[in-house]
Amino acid sequence: MKFREVDMSNDFDFSVYPNCEIHCVVIEINGEKDLSDAVSEISQKIADTSWISKLPTFFRDAFLANAPKTIDKIVNEILNKVASGLNEKIGEYLVSFSAQQALETLFHHYRLPLAEILKEQLSNNPGFDFHTISHKDNLIHGEAKYGGKDTRWTDATDKISDFIDKNKHQGEQGWLYPFLSEPVIANINEGKRGFTAAFSMHAQKERLIFRHALESGASIKIAQYEEYYLIAVVIC
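We now turn to the structure provided with this report. These figures come from a predicted structure and were not determined experimentally.

Across the seven residues that make up strand E6 (residues 194-200), a large majority, seven, are buried. Residues Gly194, Thr196, Ala198 and Ser200 point to one face of E6 and Phe195, Ala197 and Phe199 to the other, with burial holding for every one of them. Bridge count for strand E5 (residues 139-145) against E6 is six bridges, and the pairing is parallel. Bridge pairing links glycine 142 to threonine 196 in E6. In terms of strand pairing, E6 meets strand E7 (residues 227-235) through seven bridges, oriented parallel. Across the sheet, the residue bridging to alanine 198 is isoleucine 231, located in E7.

Turning to the nonpolar core, a few remarks are in order. Among the nonpolar cores identified, the biggest contains 44 residues, and Ile46, Trp51, Ile117, Leu139 and Ile231 are the most heavily contacted of them. Among the elements that line this core, the one with the most residues is helix H4 (residues 88-107), at eight residues. Ignoring any residue separated from it by four or fewer positions in sequence, one finds isoleucine 231 in contact with Val25, Ile27, Ala99, Leu103, Thr196, Ala197, Ala198 and Phe199.

With that settled, the discussion passes to the sheet that holds strand E1 (residues 2-5). Across the sheet, which stays open at both edges, the seven strands sit in the order E1-E2-E7-E6-E5-E4-E3 with mixed pairing between neighbours. Either end of the sheet is taken by a strand with one partner, and the two such strands are E1 and strand E3 (110-111). Bridge count between strand E2 (residues 21-29) and E7: nine bridges; the pairing is parallel. What sits directly across from isoleucine 22, in E7, is tyrosine 228. Packing against the sheet, helix H6 (residues 153-165) makes contact with E5, E6 and E7, and its axis sits at approximately 150° to E6.

Below, the discussion takes up helix H9 (residues 182-189). Within H9, the full set of buried residues consists of Val184, Asn187 and Ile188. An end-on view of H9 places all buried positions within 100° of arc, on one side of the element. Exposed positions of H9 whose direction lies more than 90 degrees from the buried face are Glu182 and Asn189. Tucked into the core, H9 has its buried residues touching strand E4 (130-133), E5 and helix H8 (173-176). Positive backbone phi, at 85°, marks glycine 191, one or two positions downstream of H9.

Conventions we followed
Residues numbered from 1 in each chain as written. Predicted model: local features only at pLDDT ≥ 70, side-chain atom pairs only at ≥ 80, totals over all residues. Heavy atoms only, no water. Buried < 20%, exposed > 50% of the residue type's maximum accessible area, 1.4 Å probe, protein only. Helix = DSSP H or I, 4+ residues; strand = E, 2+ residues; numbered from the N terminus. Pairing = 2+ DSSP bridges. Core = buried A, V, L, I, M, F, W, Y, C linked by side-chain atoms within 4.5 Å. Contact = heavy atoms within 4.5 Å. Axes fitted to C-alpha atoms, helices over the stretch in contact; angles between N-to-C directions. Arc of directions from axis to C-beta.

And the structure:
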């Protein structure tokens, strides 16, 4: 799995979003071995529940009651079936996990457990797919879309825009609280946060795709916040 940032300074006028730090990233997953290694690493990371033991007793007991059921479902019923091919659900886990890893590697973010593990439901997560904490102590909400042979940037950015309209980002703060430091909470209280739109990409013209995404109505709304990351995952 390879990560690289794409310099869009000659393709887009970032001055239209003066208050937002924006990055465009491409992740390349090349061949069956790369894909198999990525899925194996996802399974290991998801199955690792050491983060639960570090929580205060009140939160630890709550997550112990819910997280193991979801982890078992993700690992045994979904990821272990990747040999039969990528479907939308497996693909979205792959996009979520690789996006978190890219943010950690390139921009020194701290990644949180996937949202589906932190919530009570076993599947059909109705909110953001993943979260990180940025180098600026901003909570970053991430949405992942996988579309097989389709490029799904519009689905990811439009969903974020819809979630902002429905205050989903604010609604998540309760169950994310035990993972947030005082500086992160202070930024949230001031309305500071960010978003990541992660999506599968199968087109060759990455700069054109990023430019269209940055010019979209959804991005105009998202870029009102402090940080915005567009991450394209190419599975070859």
